[in-house]
Amino acid sequence: MGFLGFGSSNDNAPSIAPTTTPTPSAPADPRSQQIKNELITKVSQEIATANATALVNALTENCYKLCIFKPASSLSAEENKCIEDCSAKFMRSWNLISKSYINRINQG
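This section reports on the structure supplied with the text.

Within the protein chain, the regular secondary structure consists of two helices and zero strands. The burial tally for the protein chain puts 8% of its 108 residues in the buried class. Taking the intrachain contacts of the protein chain between residues at least 6 apart in sequence as the baseline, contacts between residues at least 24 apart amount to 37%. Taken as a whole, the protein chain presents about 9,600 Å² of accessible surface, with 60% of it coming from carbon and sulfur.

The grouping of Leu39, Val43 and Ile47 at the surface amounts to a nonpolar patch, some 280 Å² of accessible area in total. By relative accessible area, which is 54% here, leucine 39 ends up exposed.

What follows is about the state of the cysteines. What the rule picks out here adds up to two disulfides. Sulfur-sulfur distance for the disulfide between cysteine 63 and cysteine 86 comes to 2.0 Å. Judged by the torsion about the S-S bond (-90°), the cysteine 63/cysteine 86 disulfide is left-handed. Of this pair, cysteine 63 sits in helix 1 (residues 30-67) while cysteine 86 sits in helix 2 (residues 77-107), and the two are 23 residues apart along the sequence. In this structure cysteine 63 comes out as buried when scored by relative accessible area, which is 2%.

Quick look at helix 1 now. If you check helix 1, its first and last C-alpha atoms are 55 Å apart, about what 38 residues at 1.5 Å a residue would give, namely 56 Å. Every buried residue of helix 1 is accounted for by Leu55, Leu59, Cys63 and Cys67.

Listed in full, the six residues of the largest apolar core are Leu55, Leu59, Cys63, Cys67, Cys86 and Phe90. When residues of this core are assigned to their parent elements, the largest contribution, four residues, is made by helix 1.

Viewed as axis vectors pointing N to C, helix 1 and helix 2 meet at an angle of 140°, and their least axial separation amounts to 9 Å. Between helix 1 and helix 2, the angle falls in the class oblique. Considering the relative orientation of helix 1 and helix 2, their crossing is right-handed. Two secondary-structure elements touch here, helix 1 through Asn51, Leu55, Ala58, Leu59, Asn62, Cys63, Leu66 and Cys67 and helix 2 through Glu79, Cys82, Ile83, Cys86, Ser87, Phe90, Met91 and Trp94. Classifying every residue of the contact of helix 1 with helix 2 by side-chain character gives 12 nonpolar, three polar and one charged.

Calculation rules
- Residues numbered from 1 in each chain as written.
- Predicted model: local features only at pLDDT ≥ 70, side-chain atom pairs only at ≥ 80, totals over all residues.
- Heavy atoms only, no water.
- Helix = DSSP H or I, 4+ residues; strand = E, 2+ residues; numbered from the N terminus.
- Buried < 20%, exposed > 50% of the residue type's maximum accessible area, 1.4 Å probe, protein only.
- Contact = heavy atoms within 4.5 Å.
- Areas by Shrake-Rupley, 256 points an atom, 1.4 Å probe, with all protein chains shown as cover.
- Patch = residues over 30% accessible without salt bridge, like charges linked within 9 Å, V, L, I, M, F, W, Y side chains within 5 Å.
- Salt bridge = Lys/Arg side-chain N within 4 Å of Asp/Glu carboxyl O.
- Disulfide = S-S within 2.5 Å.
- Expected span 1.5 Å × (residues − 1).
- Core = buried A, V, L, I, M, F, W, Y, C linked by side-chain atoms within 4.5 Å.
- Axes fitted to C-alpha atoms, helices over the stretch in contact; angles between N-to-C directions.
- Parallel < 35°, antiparallel > 145°, perpendicular 65-115°, else oblique.
- Left-handed = near helix turned anticlockwise from the far one by under 90°.
- Nonpolar A, V, L, I, M, F, W, Y, C, P; charged D, E, K, R; others polar.

Here's what the structure looks like:
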């Protein structure tokens, strides 16, 4: 079979069949299941860390743009209050959106 299955310059060339994942006929051994579970846990932890980092970065960027007009070595009382309010609103919004997203996923 030729390039992408079209024509052939060599009829003796082996054809490449799509690969499929073999279905195991016996249950996986306990060690491989343990490794799989550990891998799933590690990936979940990495995703949680990435999400937390994204949250902090988004909060910092949004609240900085909203509250800091003249960067200085310290925050004014007004800037500090603005950041506190902005952070609280951002976290409430994040939590609401996350809960709604998880509910939609769980519904199917």
